[in-house]
Amino acid sequence: MHSWLAPARLAVAAFLAVALCFAGYHAATDGSGVVNFLSYFTNLANLAGLAVLGYGGWAGLTGRRPVPDAVRGAVVLYLAVTGLAYGTLLATYPAPQVIPWVDDVVHRVMPLLVLADWLIDPPARPVRPRVVLGWLAFPLVYLAYALIRGRAADWYPYPFLDPARHGGYRRIAGASFLLAVAFLLVGAAVAAVGNALAAHRATRRGAAPNGRHARARTTG
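Residues numbered from 1 in each chain as written. Predicted model: local features only at pLDDT ≥ 70, side-chain atom pairs only at ≥ 80, totals over all residues. Heavy atoms only, no water.

1. Concerning the packing of helix α1 (residues 5-29) against helix α5 (residues 100-120)
- At their nearest, the axes of α1 and α5 sit 11 Å apart, and the two run at 160° to each other. The pairing of α1 with α5 is recorded here as roughly antiparallel in orientation. Taken as a pair, α1 and α5 cross one another with a handedness that is left-handed. Residues L5, R9, V12, F15, L16, V18, A19, L20, F22 and A23 of α1 form the contact with α5, whose participating residues are W101, V102, V105, V106, M110, L113, D117 and I120. (Axes fitted to C-alpha atoms, helices over the stretch in contact; angles between N-to-C directions. Helix = DSSP H or I, 4+ residues; strand = E, 2+ residues; numbered from the N terminus. Parallel < 35°, antiparallel > 145°, perpendicular 65-115°, else oblique. Left-handed = near helix turned anticlockwise from the far one by under 90°. Contact = heavy atoms within 4.5 Å.)

Below is the structure:
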């Protein structure tokens, strides 16, 4: 791992922590509430990014066990989809209570930074398809939570989850299916790119892609 990567991760984590604190304080004082703030997938994904980058930086400086690649990949996926969904679905919706610079950090900057981190420090071992499927568990749990809490509190974090809008639950089902496909495709891409970079790095180091040193084959 590059010597500068650990302090860079800590710096990004600190910057993200400041942004999230600003947003959380704003939510606590403007009447929307901390629970609603924590009910946005964007904020949960960024909190996960904060934890992974913060611990990853600390582990890199102290020699502790690094963050598992499966966890890192999941965070890359969640923030990548956050950025894509914001750019294609949500950016056009008015959000007068959002702090503009924080909005840019959590929707634009962080997806790019965690992806860059994944590319600079690819997984040590291949990410298997079952791991990619496992990454879908959290978004599915979040969907169930958002719909159940939304019905109880009459508040939905995203317009496409609100059954009171045109299309009702049929529209929600369609949007959820498309998002599930997006998660699966983006997750597969994250794994494929990570695996390709890991294999290239292993080849350059004279090792096989599975992390074991290549041995000359003998016959006879």
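Continuing now.
2. Quick word on the packing of helix α3 (residues 41-62) against α5
- Interhelical geometry of α3 versus α5 gives an angle of 35° and a closest axis separation of 11 Å. Our pair here, α3 against α5, has a crossing hand that is left-handed. Between α3 and α5, the contacting residues are T42, N46 and L53 on the first element and V106, H107, M110, V114 and D117 on the second.
- For the contact of α3 with α5, the per-class residue count stands at four nonpolar, three polar and one charged. (Nonpolar A, V, L, I, M, F, W, Y, C, P; charged D, E, K, R; others polar.)

3. Considerations on the packing of aromatic side chains
- All told, the structure shown has 13 aromatic pairs when counted by the stated rule.
- Ring geometry for F41 against Y78: centres 5.9 Å apart, planes inclined by 80°, an arrangement best described as edge-to-face. You can see F41 sitting in helix α3 and its partner Y78 sitting in helix α4 (residues 69-90), a full 37 residues away along the chain. Summarising the burial analysis for this pair, F41 and Y78 share the class buried.
- Ring centres of Y78 and F138 lie 5.4 Å apart, and the angle between their planes is 45°; on these two criteria the pair is classed as tilted. Here Y78, found in helix α4, pairs with F138, found in helix α7 (residues 137-153); they are 60 residues apart in sequence, far enough to count as distant.
- Judged by its relative accessible area of 9%, Y78 falls in the buried class.
- One aromatic cluster is present, built from ring pairs that chain together F41, Y78, F138, Y142, Y145 and F183. (Phe/Tyr/Trp six-rings, centres within 6.5 Å; stacked < 30°, edge-to-face > 60°. Buried < 20%, exposed > 50% of the residue type's maximum accessible area, 1.4 Å probe, protein only.)

4. Brief notes about empty space enclosed by the protein
- Summed over the entire model, instances satisfying the criterion amount to one cavity of 30 Å³ or more.
- Taken as a whole, the largest cavity encloses approximately 60 Å³ of empty space.
- Forming the walls of the largest cavity are G49, V52, L53, R72, V75, V76, V114, D117 and W118.
- Within the residue set of the lining of the largest cavity, elements represented by two or more residues are α3, α4 and α5. (1 Å grid on protein atoms, 1.4 Å probe; cavity = no way out; pocket = protein on both sides within 12 Å on 5 of 7 lines; lining within 4 Å. Points joined across faces, edges and corners; volume = space filled by probe spheres on them.)

5. Some thoughts on the pattern of salt bridges
- Summed over the entire model, instances satisfying the criterion amount to six salt bridges.
- Residue D121 is joined to R201 by a salt bridge in which the shortest nitrogen-to-oxygen separation is 3.5 Å. Here D121 is found in the loop between α5 and α6 (129-134), whereas its partner R201 is found in helix α8 (residues 168-204), with 80 residues between them in sequence.
- One continuous salt-bridge network, built from bridges that share partners, spans R9, D69, R72, D117, D121 and R201. (Salt bridge = Lys/Arg side-chain N within 4 Å of Asp/Glu carboxyl O.)

6. Brief notes about α1
- With 25 residues, α1 should cover 36 Å at 1.5 Å per step; its first-to-last C-alpha distance of 36 Å lies within 8% of that length.
- All of the buried residues in α1 are L5, A6, R9, A13, L16, A19, L20, A23, G24 and A27.
- The first or second residue beyond α1 is G31, which carries a positive phi of 100°. (Expected span 1.5 Å × (residues − 1).)

7. Section: the nonpolar core
- Of all hydrophobic cores here, the largest spans 43 residues; its most connected members are F41, L77, Y78, M110, W135, L161 and F183.
- Secondary structure elements with two or more residues in this core: α1, α3, α4, α5, α7 and α8.
- Contacts of M110, omitting those with residues within four sequence positions, involve V12, L16, N46, L53, L79 and V105. (Core = buried A, V, L, I, M, F, W, Y, C linked by side-chain atoms within 4.5 Å.)

8. A look at the confidence of the model for the protein
- Looking at the protein, the pLDDT average stands at 89 and 90% of residues meet or exceed 70.
- Low pLDDT (under 50) marks residues 211-220, which in the prediction has seven contacts with non-local residues, meaning those over four places away or in another chain. (pLDDT = per-residue confidence, 0-100.)

9. Comments concerning the environment of L115
- Take L115: it is sitting in helix α5.
- For the pair formed by L115 and V75, sequence separation is 40 residues and the distance between their alpha carbons is 9.2 Å.

10. Details of the side chain of D121
- Taking relative accessible area as the criterion, D121 reaches 14% and is therefore assigned buried.
- A distance of 3.0 Å separates a polar atom in the side chain of D121 from a polar atom in the side chain of R9. (Polar contact = N/O pair within 3.5 Å; in protein donor to acceptor, adjacent residues only side chain to side chain.)

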